[in-house]
Amino acid sequence: QDTQMIIGIDVTPVTRGSTGVGFYTRHLIEELAALDARENFRGFAAGVRALDKDRIPFPYRRLPVPNRAMYWLWDRTGHPRVDRLLGGLDVFHAVNYVLPPLARARGVLTIHDLGFLRNPAWFSPKIMAPFTRSIRRDAQRADAIIAVSEATRDDITAFFDVPRERVQVIYEAADNTFAPVPREQAARSVQEALGIRPPYLLFVSTVEARKNVTGLLTAFARADIPHRLVIAGAPGWRSDEAYARAAALNLGDRVSFTGYLSDRRLFPALYSAADAFVFPSWHEGFGLAVLEAMSCGCPVITSGVSSLPEVGGDAALYTDPEDVDDLARKMECVAADERMRATMREKGLARAGKFSWRKCAEETLACYRGLL
């Protein structure tokens, strides 16, 4: 008879209105709970933001201490030890860059992206400072590290001097609500919700320096196409540069900034009605939006850097994020060629089918078991 393994997972990011790491954690814990494994799961949460309780499928303990204060305490005192707080664990999985002090449990650390070490100018120092201080030490202390792409794994081994075999690549996936919506119906939904009619090209992400929205706007202004450009995402670090660029290029109503769209149900329609998803980001740890677009049958033009070719495979068109003329030409090609779009659509759907949250959960569970 196997003894039951007790696994603790950081559920702090599972809040309402969550983005990247929140989606990752939520899907991972839902799938782990659904695997019918013999393991016993417990959650730990710090922070003052309300948790999305319905999304946490096992018991958890919450310390309502602001995250920064918690990091500071762990950093300076080495307490509280999370495995003790949860009544003793075999493994604790830290999902968001910071591995808390542990008394006896093995530590697993997920690292999503090290863009902030590659180029600090892409990120708000306020947000990255707490991570930057401790991440090297935490990576070296972890018994296993999960990287969400080979590109991130390369960064981890390069920046932290961690043996490659201690880092395992486990891919994320798109939510299963991302599926093609019939075009007429998709166009109707988008028009009702946002007042936008096709034809349009689409960008989905926080509007921030790393995403190269200024380059996208410049290329779009040079492309000779009848389309509108829809930029769907909340303002982020240095977003004012993007808004200023749109104004300087006199793009007027050819560009629509939608801001943060709280209704997640709109996204499959938004992708399905677009002629292409254009994402010339400078750096991505995984590039989930590319996968979401492909899952909806939307042709993808993206940067051939960091993790993006791993996600897009042979289904996407790649461009150098510095080369706005090349990006403009690729937008023209895809926008003008119905047959090319149909081919890209088929390839994208096939490619997206290779990623699943179930697979992510199975591989993550195997990682936990491998430590004991």
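About the cut-offs
- Residues numbered from 1 in each chain as written.
- Predicted model: local features only at pLDDT ≥ 70, side-chain atom pairs only at ≥ 80, totals over all residues.
- Heavy atoms only, no water.
- Helix = DSSP H or I, 4+ residues; strand = E, 2+ residues; numbered from the N terminus.
- Rg over C-alpha atoms; globule rule 2.2 N^0.38 Å.
- Buried < 20%, exposed > 50% of the residue type's maximum accessible area, 1.4 Å probe, protein only.
- Contact = heavy atoms within 4.5 Å.
- Areas by Shrake-Rupley, 256 points an atom, 1.4 Å probe, with all protein chains shown as cover.
- Pairing = 2+ DSSP bridges.
- Axes fitted to C-alpha atoms, helices over the stretch in contact; angles between N-to-C directions.
- Parallel < 35°, antiparallel > 145°, perpendicular 65-115°, else oblique.
- Nonpolar A, V, L, I, M, F, W, Y, C, P; charged D, E, K, R; others polar.
- 1 Å grid on protein atoms, 1.4 Å probe; cavity = no way out; pocket = protein on both sides within 12 Å on 5 of 7 lines; lining within 4 Å.
- Points joined across faces, edges and corners; volume = space filled by probe spheres on them.
- Phe/Tyr/Trp six-rings, centres within 6.5 Å; stacked < 30°, edge-to-face > 60°.
- Left-handed = near helix turned anticlockwise from the far one by under 90°.
- Right-handed = clockwise from strand over helix to strand, strands pointing away.
- Core = buried A, V, L, I, M, F, W, Y, C linked by side-chain atoms within 4.5 Å.

Novice: Outline the overall build of the protein chain, listing residues and values.
Specialist: Helix and strand content of the protein chain: 15 helices and 13 strands. Taken over the C-alpha trace, the protein chain has a radius of gyration of 21 Å; the compact-globule value for 372 residues is 21 Å, and the two agree within 12%. The C-alpha extent of the protein chain, read off along each of the three principal axes, is 65 × 40 × 35 Å. In the protein chain, which comprises 372 residues, the share counted as buried stands at 56%. Within the protein chain, counting contacts between residues at least 6 apart in sequence, those at least 24 apart form 69% of the total. Summing over all exposed atoms, the protein chain offers an accessible surface of approximately 16100 Å²; the carbon and sulfur share of this is 48%.

Novice: Tell me about the sheet that holds strand β1 (residues 6-10), residues and numbers included.
Specialist: Ordered by their spatial adjacency, seven strands build an open sheet running β3-β2-β1-β4-β5-β6-β7, and the pairing between neighbours is parallel. Each edge of the sheet is formed by a strand with only one pairing partner; in this case those strands are β3 (60-62) and β7 (167-169). Put simply, the sheet's adjacent strands are angled 20° from each other on average, direction ignored. In terms of strand pairing, strand β2 (residues 40-45) meets β3 through three bridges, oriented parallel. Bridging across to β3, Gly-43 finds its partner in Tyr-60.

Novice: So what's going on with the packing of helix α13 (residues 324-336) against helix α14 (residues 338-352)? Which residues, and what values?
Specialist: At a minimum axis distance of 5 Å, the contact between α13 and α14 shows a crossing angle of 95°. As the angle between them shows, α13 and α14 are arranged roughly perpendicular. Of α14, the residues touching α13 (which contributes Cys-333, Val-334, Ala-335 and Ala-336) are Glu-338, Met-340, Arg-341 and Met-344. Here the contact of α13 with α14 is built from residues that sort into six nonpolar, no polar and two charged.

Novice: Lay out empty space enclosed by the protein with the relevant residues and their values.
Specialist: The method is simple in principle: a probe with the dimensions of a water molecule rolls over the atoms, and the space it marks as empty is what remains. Tallying each qualifying case throughout the model produces one cavity of 30 Å³ or more. Empty space within the largest cavity amounts to approximately 40 Å³. Phe-23, His-27, Asp-175, Phe-178, Arg-264, Leu-288, Glu-292 and Trp-357 together form the lining of the largest cavity. At the level of elements, α1 (20-34) and α11 (288-295) are the ones that each hand at least two residues to the lining of the largest cavity.

Novice: So what's going on with the packing of aromatic side chains? Residues and values would help.
Specialist: For the coordinates displayed, the defined rule picks out 15 aromatic pairs. Ring geometry for Phe-44 against Phe-92: centres 6.5 Å apart, planes inclined by 70°, an arrangement best described as edge-to-face. Taken together, the residues span a long stretch of sequence, with Phe-44 in strand β2 and Phe-92 in strand β4 (residues 91-94) at a distance of 48 residues. Looking at Phe-44, the relative accessible area reads 1%, which means it is buried. Residue Phe-92 is classed as buried on the basis of its relative accessible area of 1%. Taking 6.1 Å as the distance between ring centres and 75° as the angle between the ring planes, the aromatic pair formed by Phe-286 and Phe-355 counts as edge-to-face.

Novice: Residues and numbers for the packing of helix α2 (residues 67-77) against helix α5 (residues 125-141), please.
Specialist: Running from amino to carboxyl end, α2 crosses α5 at an angle of 25°, the nearest separation of the two axes being 11 Å. On the basis of their axis angle, the class for α2 and α5 is roughly parallel. In terms of crossing hand, the pair formed by α2 and α5 is left-handed. On α5, the residues that touch Arg-68, Tyr-71 and Asp-75 of α2 are Lys-126, Ile-127, Pro-130, Phe-131, Arg-133, Ser-134 and Arg-137. Partitioning the contact of α2 with α5 into residue classes produces four nonpolar, one polar and five charged.

Novice: I'd love a proper account of the pairing of strand β8 (residues 200-204), names of residues and values included.
Specialist: For β8, a buried count of five out of five residues is recorded, marking the element as mostly surrounded by other parts of the structure. By the alternation rule, side chains of β8 split into Tyr-200, Leu-202 and Val-204 and Leu-201 and Phe-203, which are all buried. Across five bridges, the pairing between β8 and strand β9 (residues 228-232) is parallel. By the bridge assignment, Val-204 is partnered in β9 with Ala-232. Note on the crossover from β8 through helix α8 (residues 213-222) to β9: the handedness is right-handed. Note that β8 and strand β11 (residues 276-279) share two bridges and pair parallel.

Novice: Report on the pairing of strand β12 (residues 300-303), specifying residues and quantitative values.
Specialist: The pairing of β11 with β12 spans three bridges and is parallel. Its bridge partner lying in β12, Phe-277 is registered against Val-300. For the handedness criterion, the β-α-β arrangement of β11, α11 and β12 is classed as right-handed. Where β12 meets strand β13 (residues 317-319), three bridges bridge the pair, whose relative direction is parallel. Of the residues in β13, the one forming a bridge with Ile-301 is Leu-317.

Novice: How would you explain the sheet that holds β13 if you had to name every residue and give the values?
Specialist: As summarised here, the arrangement of the six strands in space is β10-β9-β8-β11-β12-β13, forming an open sheet in which the pairing is parallel. The open sheet is flanked by β10 (255-259) and β13, the only strands paired with a single partner. Looking at each pair of strands side by side, their axes are set apart by 25° on average, direction ignored. Lying on the sheet, α8 is in contact with β8, β9, β10 and β11; it crosses β9 at an angle near 170°.

Novice: Tell me about the nonpolar core, and name the residues and values.
Specialist: Judged by nonpolar contacts, the single largest core of 94 residues is most densely connected at Tyr-271, Phe-277, Met-331 and Tyr-368. The contact partners of Met-331, leaving out residues within four places of it in the chain, are Leu-201, Leu-216, Ala-219, Phe-220, Ala-223, Ile-225, Val-278 and Ile-301.

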